[in-house]
Amino acid sequence: MASAAAKTPTRLEVLSLFRSLLRTAHEFSDYNVREYTKRRTVDGFQSNRSLSDQQSISAAYANGKEQLAIVKRQAVIYSLYAPKVKSIMELKSV
């Protein structure tokens, strides 16, 4: 496990993680939770954009993988107990 943490992720792996987080965010039926998850993903990646140390990049990537697992679990749980009424932001204007 120590060798996996020491390995610096490639650009492709990082972009794949970013896309996976955004795809998982779309699984939330509630507008507010979905938008919060997308915003949190984008903000997290932007704040880590300037990382240059391999160790900090690996740590940020590992944290991102943990967050992806959490978001996936929350999406499943939230789908079981999602509100039946749509948010005002999701209603189509007539």
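Scoring rules and cut-offs
Residues numbered from 1 in each chain as written. Predicted model: local features only at pLDDT ≥ 70, side-chain atom pairs only at ≥ 80, totals over all residues. Heavy atoms only, no water. Helix = DSSP H or I, 4+ residues; strand = E, 2+ residues; numbered from the N terminus. Rg over C-alpha atoms; globule rule 2.2 N^0.38 Å. Buried < 20%, exposed > 50% of the residue type's maximum accessible area, 1.4 Å probe, protein only. Contact = heavy atoms within 4.5 Å. Areas by Shrake-Rupley, 256 points an atom, 1.4 Å probe, with all protein chains shown as cover. Lys, Arg positive; Asp, Glu negative; His and termini not counted. Charge placed at Lys NZ, Arg CZ, Asp CG, Glu CD. Expected span 1.5 Å × (residues − 1). Salt bridge = Lys/Arg side-chain N within 4 Å of Asp/Glu carboxyl O. Axes fitted to C-alpha atoms, helices over the stretch in contact; angles between N-to-C directions. Parallel < 35°, antiparallel > 145°, perpendicular 65-115°, else oblique. Left-handed = near helix turned anticlockwise from the far one by under 90°. Nonpolar A, V, L, I, M, F, W, Y, C, P; charged D, E, K, R; others polar.

The name an unreviewed UniProt entry assigns to the protein is Complex 1 LYR protein domain-containing protein, from the organism Trapa incisa.

Caption draft 1: The arrangement of the overall build of the protein in detail. What the protein contains, in helices and strands, is 4 helices and 0 strands. In terms of overall size, the protein is more extended than a compact globule, its C-alpha atoms giving a radius of gyration of 16 Å where 94 residues would be expected to give roughly 12 Å. Across its three principal axes, the protein shows a C-alpha extent of roughly 50 × 25 × 15 Å. Evaluated residue by residue, the protein yields a buried proportion of 21% over its 94 residues. For the protein, long-range pairs separated by at least 24 residues make up 75% of all intrachain contacts whose partners lie at least 6 apart in sequence. Put simply, the protein shows about 7300 Å² of open surface, and 57% of that area lies on carbon and sulfur atoms. The distance from the centre of the 15 positive side-chain charges to the centre of the 8 negative ones in the protein is 5 Å.

Caption draft 2: Expanded view of helix H4 (residues 54–80). The terminal C-alpha atoms of H4 lie 40 Å apart, and with 27 residues this matches the ideal 39 Å at 1.5 Å per residue to within 8%. Listing the buried residues of H4 in full gives Ser58, Tyr61, Gly64, Leu68, Val71 and Ala75.

Caption draft 3: Broad picture of the pattern of salt bridges. Per the stated rule, a full pass over the model turns up 2 salt bridges. The shortest N-O distance in the salt bridge between Glu13 and Lys7 comes to 3.2 Å. Overall, the relative accessible area of 26% leaves Glu13 in the partly exposed class. Among the salt bridges present, the one from Lys38 reaches Glu35, with a minimum N-O distance of 3.0 Å. Remark: Glu35 and Lys38 occur in helix H3 (residues 31–47); sequence separation between them is 3 residues, near one turn of the helix. For Glu35, a relative accessible area of 25% gives the class partly exposed.

Caption draft 4: Quick look at the packing of helix H2 (residues 11–25) against H4. Running from amino to carboxyl end, H2 crosses H4 at an angle of 20 degrees, the nearest separation of the two axes being 10 Å. The orientation of H2 with respect to H4, classified from their angle, is roughly parallel. Crossing angle aside, the handedness with which H2 passes H4 is left-handed. Taking contact as the criterion, the partners of Glu13, Val14, Leu17, Ser20, Leu21 and Thr24 in H2 are, on H4, Tyr61, Gly64, Lys65, Gln67, Leu68, Val71, Lys72 and Ala75. Taken together, the residues of the contact of H2 with H4 break down into 7 nonpolar, 4 polar and 3 charged.

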